[in-house]
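# Structure assessment
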Amino acid sequence: MKLLMAAALAALTLSGCSLVYRIDIPQGNYVEQKQVDKLRQGMTREQVVYVLGSPMLKDAFDHDTWHYLYEFQPGRGDKERKEMTLKFVGDRLATMTGDFTVPATFNTPL
């Protein structure tokens, strides 16, 4: 009887460990593909900020490079990370690289 009680107590104790709440941690700029689809080559910096928001990082050595980073760590599960780099020539958007699909209309002027 003591062995049965000990096993039941151990099962109850261990089952409580999975009930710990873990918060979701989002960090950076949340950008969706539908926002990226609005980007066009030749857009001004102000237009890009209007579409995507302010960049997470501006390269300190190259003022013409902007980085949009997003990382999401759910309480349980795998970490999600997306990044996108925009390069400007002068004041106009020139290239886009990263984890998002380049829109088919990216090279179409406004």
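Since the structure is predicted, the reported quantities are computational estimates derived from the model, not experimental observations.

Here the focus is the overall build of the chain. Within the chain, the regular secondary structure consists of three helices and five strands. Relative to the compact-globule value of 13 Å for 110 residues, the chain shows a C-alpha radius of gyration of 23 Å, a clear excess of over 25%. Taking all 110 residues of the chain together, the buried fraction comes to 27%. The contacts in the chain between residues at least 6 apart in sequence include a share of 48% that link residues at least 24 apart. Total accessible area computed for the chain in this model is approximately 7900 Å², and 60% of it derives from carbon and sulfur atoms. Computed over 13 positive and 13 negative side-chain charges, the inter-centroid distance for the chain is 7 Å.

The subject of this paragraph is the packing of aromatic side chains. Enumeration over the complete set of coordinates arrives at two aromatic pairs. Sitting above the plane of the F88 ring, R45 keeps its charged end 4.7 Å from the centroid.

One recurring pattern in soluble globular proteins is that nonpolar side chains are buried together. Of all hydrophobic cores here, the largest spans 16 residues; its most connected members are L39, V48, L52, M84 and L86. Of all the secondary-structure elements, those providing two or more residues to this core are α3 (45-52), β3 (65-73), β4 (80-89) and β5 (92-98). With residues near it in sequence (within four places) discarded, L39 still touches V48, V51, L52, M84, L86, L93, M96, P103 and F106.

Bringing the UniProt feature "domain: Outer membrane protein assembly factor BamE" (unreviewed entry) in the chain into the picture now. The positions UniProt marks with the feature "domain: Outer membrane protein assembly factor BamE" (unreviewed entry) are residues 28-95. With 18% helix and 38% strand, residues 28-95 has its two end C-alpha atoms placed 21 Å apart.

Now for the side chain of T65. Looking at the element boundaries, T65 is found in strand β3. Looking at T65, its side chain comes within polar contact range of the side chain of D62, at 2.7 Å. Leave out the neighbours within four places in its chain, and T65 touches L57, K58, D59, T85, L86 and K87.

With that settled, consider a nonpolar patch on the surface. Side chains of M1, L4 and M5 sit close together on the surface and give an oily, nonpolar patch of about 420 Å² of accessible area. As for its position among the elements, M1 is in the segment before α1 (2-15).

A word on the pattern of salt bridges. What the rule picks out here adds up to six salt bridges. Among the salt bridges present, the one from K34 reaches E32, with a minimum N-O distance of 3.6 Å. Notably, a salt bridge pairs E71 with R81, separated by 3.2 Å at the nearest N-O pair. Here E71, found in strand β3, pairs with R81, found in strand β4; they are ten residues apart in sequence, far enough to count as distant. Given the relative accessible area of 47%, R81 is considered partly exposed. What emerges from the salt-bridge pattern is a single network uniting E71, K79, R81 and E83.

Criteria and thresholds
For every chain, the first residue of the written sequence is number 1, and numbering continues from 1 along that sequence. Given that this is a predicted model, residues contribute local features only at a pLDDT of at least 70 and side-chain atom pairs are listed and counted only at 80 or more, while totals for whole chains, interfaces and linings are drawn from all residues. Based on all heavy atoms of the structure, the side-chain values leave hydrogens and waters out of the count. A run of DSSP states H or I qualifies as a helix once it reaches four residues; a run of E qualifies as a strand once it reaches two. Both are numbered from the N-terminal end. Each radius of gyration is computed over the set of C-alpha atoms, and the globule rule expresses the reference value as 2.2 Å times the number of residues to the power 0.38. Only protein chains enter the calculation, and the probe is 1.4 Å; a residue is then buried if its accessible area is under 20% of its type maximum, exposed if over 50%, and partly exposed in between. A contact between two residues is defined here by any heavy atoms of the two lying within 4.5 Å. Accessibility throughout is a Shrake-Rupley quantity obtained with a 1.4 Å probe, and a residue counts as covered only by protein chains that appear here. In summary, the charge assignment counts Lys and Arg as positive and Asp and Glu as negative, without counting His or the chain termini. By convention, charge coordinates are those of NZ in Lys, CZ in Arg, CG in Asp, or CD in Glu. A pair of Phe, Tyr and Trp rings is counted when the ring centres sit within 6.5 Å of each other, with Trp represented by its six-membered ring. The angle between the planes then sorts it: under 30 degrees is stacked, over 60 is edge-to-face, the rest tilted. Here, over-ring charges are defined by two tests on the NZ atom of lysine or the CZ atom of arginine: distance to the ring centre within 6 Å, and angle to the ring normal within 35 degrees. Side-chain atoms within 4.5 Å are what join buried Ala, Val, Leu, Ile, Met, Phe, Trp, Tyr and Cys residues into a set we call a nonpolar core. UniProt positions are given in the numbering used here, feature names are shortened, and annotations may be inferred rather than shown by experiment. Nitrogen and oxygen atoms within 3.5 Å of one another constitute a polar contact, given that in protein one can donate a hydrogen and the other can accept it, and given that sequence-neighbouring residues count only through two side-chain atoms. To count toward a patch, a residue needs a relative accessible area over 30% and no salt bridge; like charges are then connected within 9 Å, while nonpolar side chains (Val, Leu, Ile, Met, Phe, Trp, Tyr) are connected within 5 Å. Here, a salt bridge means any Lys or Arg side-chain nitrogen found within 4 Å of an Asp or Glu carboxyl oxygen.

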